[in-house]
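Spelled out from the first residue to the last, the chains are:
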Amino acid sequence: MMHLPAARPCRAELPIIVTRSVGSESGMIIRAIDTTDIPDIAALHLASWRAAYDGIMPAAALAALSTVEFEASWRSQRSDAQRTHLLCESQGMIAGFVGCGPCRDREVGGRPIGEIYELYTHPIRWKQGIGRALCEAALAVLEQKHFAEITLWVLRENKRARQFYEVMQFVQDSVAYKTLRRFDMDLVHVRYRRTIR
Ligand SMILES: CC(C)(COP(=O)(O)OP(=O)(O)OC[C@H]1O[C@@H](n2cnc3c(N)ncnc32)[C@H](O)[C@@H]1OP(=O)(O)O)[C@@H](O)C(=O)NCCC(=O)NCCS
């Protein structure tokens, strides 16, 4: 049985990007991630990784992961000024986050293309509209930055996320895939694309 870290309370004093209602809930807040959020974001990231990749990546490797490496990765990403990192506060917890910015793939070329680098919601909040709210906020940020088209990479075996992105109108780019080596495994990723509008 998987043990998830407890959700921790959050602060809402930072500039708010979006407030909206989702289903019966009012007061969902989407705002920029601040340095002080990093420990909570790292804990959420780890919890979501463990739940999402259970059965895809080795159980022992997932169990051995700690928030230390997620925190380090977050601190280094935040030094990249081209990236936007947003989180969603809902029901007194940080419920998810998204990272986006310019597309990292060279070959897509032509016109300016944006990318969603990662989108994670807390497993206890899956299927409650948090992912949609974060995805739409990222699309709005990328549109403001004049990107007309968006790409993203997702693990081929990650059916949950692929179904989510298809609901969010992303279409698989059938010729694009890449393999990343982790935990002594070749992890195949596929690319999805959509126009902003
Ligand atoms: C993928 C993920 C972000 C979806 O977030 P979520 O908060 O559960 O998504 P939402 O509740 O906002 O769902 C939005 C829409 O997608 C649909 N959807 C979500 N998960 C789905 C699934 N597994 N199968 C089918 N549809 C799904 C919802 O029904 C909803 O449709 P609707 O708005 O038309 O009713 C979440 O499952 C997650 O964090 N997974 C682990 C991390 C991950 O794999 N991230 C992607 C790789 S970067």
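Keep in mind that this is a model prediction, so the values were computed, not measured.

### Side note on the overall build of the protein chain
Stage number 1. Broken down by element type, the protein chain carries 5 helices and 8 strands.
Stage number 2. Helices and strands in the protein chain line up, N terminus first, as β-β-α-α-α-β-β-β-α-β-α-β-β.
Stage number 3. The burial tally for the protein chain puts 31% of its 197 residues in the buried class.
Stage number 4. Taking as baseline every contact in the protein chain between residues at least 6 positions apart, the subset at least 24 positions apart corresponds to 63%.

### Considering the site of the ligand
Stage number 1. Near the ligand there are 20 residues, and of these Ala52, Gly131, Arg132, Ala161 and Gln163 occur at the shortest range.
Stage number 2. Only helix H1 (38-52), strand E5 (113-121), helix H4 (130-144) and helix H5 (159-167) provide two or more residues apiece to the shell around the ligand.
Stage number 3. With 5 residues, the single largest contributor to the shell around the ligand is H5.
Stage number 4. Looking at the shell around the ligand residue by residue, the class counts come to 9 nonpolar, 7 polar and 4 charged.

### Brief notes about the confidence of the model for the protein chain
Stage number 1. Looking at the protein chain, pLDDT values average 88 and 86% of them are 70 or higher.
Stage number 2. No element of the protein chain has a lower mean pLDDT than strand E1 (residues 16-22), at 60, and none a higher one than H5, at 98.
Stage number 3. Contacts from residues 1-10, a stretch scored under 50 in pLDDT, to residues over four places away or in other chains number 23 contacts.

### Overview of H4
Stage number 1. If you check H4, its first and last C-alpha atoms are 21 Å apart, about what 15 residues at 1.5 Å a residue would give, namely 21 Å.
Stage number 2. Taken as a whole, H4 has its buried residues at Ile130, Gly131, Ala133, Leu134, Cys135, Ala137, Ala138, Leu139, Val141 and Leu142.
Stage number 3. His146 lies just past H4 and shows a positive phi near 70 degrees.

### Some thoughts on the packing of H1 against helix H3 (residues 67-77)
Stage number 1. The N-to-C vectors of H1 and H3 enclose an angle of 120 degrees; their axes lie 8 Å apart at closest approach. In terms of axis orientation, H1 runs oblique to H3. Crossing angle aside, the handedness with which H1 passes H3 is right-handed. Between H1, through Ile38, Pro39, Ile41, Ala42, Ala43, His45 and Leu46, and H3, the contact on the second element is made entirely by Thr67, Phe70, Glu71, Trp74 and Arg75.
Stage number 2. Partitioned by chemical class, the residues of the contact of H1 with H3 number 8 nonpolar, 2 polar and 2 charged.

### Thoughts on the pairing of strand E6 (residues 149-155)
Stage number 1. Most of E6 sits out of view: 5 of its 7 residues are buried.
Stage number 2. One ladder, built from 4 bridges, connects E5 with E6; its direction is parallel. Residue pairing across strands places Gly114 opposite Ile150, the latter belonging to E6.
Stage number 3. Across 7 bridges, E6 lies against strand E8 (residues 185-195) in antiparallel orientation.

### Comments concerning the environment of Arg111
Stage number 1. Along the polypeptide, Arg111 turns up in the loop between strand E4 (93-102) and E5.
Stage number 2. Its 9 C-beta neighbours within 10 Å are what place Arg111 among the exposed residues.
Stage number 3. Ignoring sequence-local partners within four residues, the contact set of Arg111 consists of Ala148 and Glu149.

### Remarks on the nonpolar core
Stage number 1. Among the nonpolar cores identified, the biggest contains 39 residues, and Ile41, Leu86, Phe97, Val98, Leu134 and Ala138 are the most heavily contacted of them.
Stage number 2. Breaking this core down by element, the ones donating at least two residues are strand E2 (25-32), H1, strand E3 (84-90), E4, E5, H4 and E6.
Stage number 3. Here this core gets 9 residues from one element, more than from any other, and that element is H4.

About the criteria used
Residues numbered from 1 in each chain as written. Predicted model: local features only at pLDDT ≥ 70, side-chain atom pairs only at ≥ 80, totals over all residues. Helix = DSSP H or I, 4+ residues; strand = E, 2+ residues; numbered from the N terminus. Buried ≥ 20, exposed ≤ 12 C-beta atoms within 10 Å, placed from the backbone. Contact = placed C-beta atoms within 7 Å. Near = placed C-beta within 6 Å. Nonpolar A, V, L, I, M, F, W, Y, C, P; charged D, E, K, R; others polar. pLDDT = per-residue confidence, 0-100. Expected span 1.5 Å × (residues − 1). Axes fitted to C-alpha atoms, helices over the stretch in contact; angles between N-to-C directions. Parallel < 35°, antiparallel > 145°, perpendicular 65-115°, else oblique. Left-handed = near helix turned anticlockwise from the far one by under 90°. Pairing = 2+ DSSP bridges. Core = buried A, V, L, I, M, F, W, Y, C linked by C-beta atoms within 7 Å.

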